[in-house]
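Observations on the three-dimensional arrangement
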Amino acid sequence: MQIAELGKRASTGESILRSEALAVLATPDEEILDVVAAASKPRFAFFGNRVRVNFLVNLKSGLCPEDCFYCSQRLGSGADILKYSWLPVDEAVATAKAGIAAGAARVCLVASGTGPSNREVGKIADITRAIKTAHPDVEICACAGFLKDGQANSLAESGVDAYNHNLNTARSHYAQICTTHTYDDRVDTVGKARGSGLSPCSGFIAGMGETHEQLVDLAFDLRDLAADSIPVNFLLPFDGTPLKGTNQLTAHDCLRVLAMVRLVNPRSEVRIAAGRELHLRSMQSLGLHIANSIFLGDYLTSEGQPGQADLDMIADAGMVVDGMRPHRTDKAAELVTRRRGAGTTVRPNA
Ligand code: SF4
């Protein structure tokens, strides 16, 4: 296999083959720059030098009755995280505005739990309308668990643009990371979102004991589900969860996974999500040559690097923030970190 040929082919919008995706994951470390170069072809062909910046607002944290083994908010989690039930609308809107001021083009409104009640869908709708009134061009992505019939329509009617529901791992590995729901339950919600006109956002958590074949299975399932945006999380092994102490990824592994996802899904937004700082470390900016999207600042239940460091990294890579608004000040990124406060933690989005 000529890795450069894969990049050329993907830059026409064509997915690589399954055997080629496996070969990308098996590439030796000394050829990592060839892998990055190949994956950069579709990245630049479809997204230029733009980086989409996303900002998480954790509306409801902890106390989830589901048992996802990776999640600090799961049933019985002993992780040291903030636990609270639904931020007031004005507080959620103020937090979102801080992220927008720092350059976020998409605000992700996230609530832990199995799925929202209709009243909770109404709260997300209220927050969405308030943000959109002030910032009509900003995209809103909701992430609140499994959707019941009609809820995706209600969200779409309120102005929500996208719905995040990660598949997280391959169907064949799902029972190893969760016992309270199934892979197909998750596929169902992604389908409901798409069926109501919401843009499907669905992705990975790599580093949970899965095989290369399972990573590739998931990349192709996300292609088949036409996920518009694919967050790639790298496991944060929280104390107090069953995956505590699991640390299977090198920075090179993370780059290979990102490249494989990009080459299978050349036109999708590929987002480097939680675990970027822990696993990629000084290689983060190489990841920007593959992915075209990141979260700014903190995650849901763990701290990211300061927002200004994210913006500096983008500039140092010779890239620009997608849709950066002219009123952004350098102080805005600091504000993001301060507003979220110490103790804000990052959960890979549910
Ligand atoms: S990932 Fe979502 S559904 Fe699973 S335990 Fe965490 S908050 Fe609950």
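Conventions we followed
Residues numbered from 1 in each chain as written. Predicted model: local features only at pLDDT ≥ 70, side-chain atom pairs only at ≥ 80, totals over all residues. Heavy atoms only, no water. UniProt positions renumbered as here; feature names shortened; annotations may be inferred. Helix = DSSP H or I, 4+ residues; strand = E, 2+ residues; numbered from the N terminus. Rg over C-alpha atoms; globule rule 2.2 N^0.38 Å. Buried < 20%, exposed > 50% of the residue type's maximum accessible area, 1.4 Å probe, protein only. Contact = heavy atoms within 4.5 Å. Areas by Shrake-Rupley, 256 points an atom, 1.4 Å probe, with all protein chains shown as cover. Polar contact = N/O pair within 3.5 Å; in protein donor to acceptor, adjacent residues only side chain to side chain. Phe/Tyr/Trp six-rings, centres within 6.5 Å; stacked < 30°, edge-to-face > 60°. Lys NZ or Arg CZ within 6 Å of the ring centre and 35° of its normal. Expected span 1.5 Å × (residues − 1). Arc of directions from axis to C-beta. Salt bridge = Lys/Arg side-chain N within 4 Å of Asp/Glu carboxyl O.

The protein is annotated in an unreviewed UniProt entry as Biotin synthase of Amycolatopsis minnesotensis. Quoted verbatim from the Catalytic activity (unreviewed entry) heading of the UniProt record, the comment on the protein is "(4R,5S)-dethiobiotin + (sulfur carrier)-SH + 2 reduced [2Fe-2S]-[ferredoxin] + 2 S-adenosyl-L-methionine = (sulfur carrier)-H + biotin + 2 5'-deoxyadenosine + 2 L-methionine + 2 oxidized [2Fe-2S]-[ferredoxin]". UniProt lists a comment for the protein under the heading Sequence similarities (unreviewed entry), and it reads "Belongs to the radical SAM superfamily. Biotin synthase family."

A tally of helices and strands in the protein yields 13 helices and 10 strands. Relative to the globule expectation of 20 Å for 350 residues, the C-alpha radius of gyration of the protein, 19 Å, shows essentially globular dimensions. Seen through its C-alpha atoms, the protein measures out along the principal axes to roughly 55 × 45 × 40 Å. Out of the 350 residues belonging to the protein, those deemed buried represent 59%. Of the contacts formed within the protein by residues at least 6 apart in sequence, a portion of 77% connects residues at least 24 apart. Accessible area of the protein: about 12,900 Å², with a carbon and sulfur share of 51%.

If you trace the backbone, R276 turns up in helix α10 (residues 276-280). Accessibility expressed as a relative area gives 0% for R276, which makes it buried. Within the structure, the side chain of R276 is placed 2.6 Å from the side chain of Q284, a separation counted as a polar contact. Within the structure, the side chain of R276 is placed 2.9 Å from the backbone oxygen of F295, a separation counted as a polar contact. Ignoring sequence-local partners within four residues, the contact set of R276 consists of F234, R281, Q284, I294, F295, Y299, Q305, D310 and M313.

Let us now look at the packing of aromatic side chains. For the structure on display, the rule yields 1 aromatic pair. Centre to centre, the rings of Y174 and Y183 are 6.1 Å apart; their planes meet at 65°, and the pair counts as edge-to-face. A relative accessible area of 3% places Y174 in the buried class. Taking the relative accessible area as the measure of exposure, Y183 reaches 3% and is therefore buried. Lying across the ring of F44, R43 places its NZ or CZ 4.9 Å from the centre.

All right, on to the UniProt feature "domain: Radical SAM core" (unreviewed entry) in the protein then. Mapped onto this structure's residue numbering, the UniProt feature "domain: Radical SAM core" (unreviewed entry) falls at residues 49-273. As a span, residues 49-273 carries 35% helix and 18% strand, and end to end its C-alpha atoms are 19 Å apart.

What follows is about the UniProt feature "binding site: [2Fe-2S] cluster" (unreviewed entry) in the protein. UniProt records the feature "binding site: [2Fe-2S] cluster" (unreviewed entry) for C108, C141, C201 and R271 in the present numbering. These annotated residues cover 164 residues of sequence, but their C-alpha atoms sit close together, with the largest distance between any two at 13.7 Å. By relative accessible area, C108 is classed as buried at 3%. Excluding its chain neighbours within four sequence positions, the residues that come into contact with C108 are N54, F55, L56, V57, C141, R271 and F295. Residue position: R271 is located in strand β8 (residues 269-272).

With that settled, the discussion passes to helix α5 (residues 118-134). The end-to-end C-alpha distance of α5, which contains 17 residues, comes to 25 Å, matching closely the 24 Å that a straight helix rising 1.5 Å per residue would cover. Those residues of α5 that fall on the buried side of the exposure criterion are E120, V121, I124, A125, I127, T128, I131 and K132. When α5 is viewed along its axis, its buried side chains cluster within an angular range of 165° and face the same direction. Exposed residues lying more than 90 degrees from the buried face of α5 are N118, R119 and T133.

It is worth spelling out the pattern of salt bridges at this point. All told, the structure shown has 19 salt bridges when counted by the stated rule. When the shortest N-O distance is used, the salt bridge between D224 and R223 registers 3.3 Å. The partly exposed category is assigned to R223, whose relative accessible area is 36%. Each of R50, R52, R106, E139 and D322 takes part in a single network of salt bridges with overlapping partners.

In this section: the environment of F44. Relative to the elements of secondary structure, F44 occurs in helix α3 (residues 32-47). For F44, a relative accessible area of 31% puts it in the partly exposed group. Sequence separation of F44 and E66 is 22 residues, and the distance between their C-alpha atoms is 39 Å. Apart from residues lying up to four places away in sequence, F44 is in contact with N49, H289 and M319.

This paragraph deals with the side chain of S77. Along the chain, S77 falls in the loop between β1 (50-60) and α4 (89-101). The exposure class assigned to S77 is buried, which follows from its relative accessible area of 12%. At 2.6 Å, the side chain of S77 forms a polar contact with the backbone oxygen of S72. Those residues in contact with S77 that lie beyond four places of it in its chain are C71, S72, K83, G240 and T241.

Residue L63 is not a glycine yet carries a positive backbone phi of 65°. On the secondary structure map, L63 appears in the loop between β1 and α4. For R281, which is not glycine, the phi torsion reads 45° and is therefore positive. Residue position: R281 is located in the loop between α10 and α11 (284-287).

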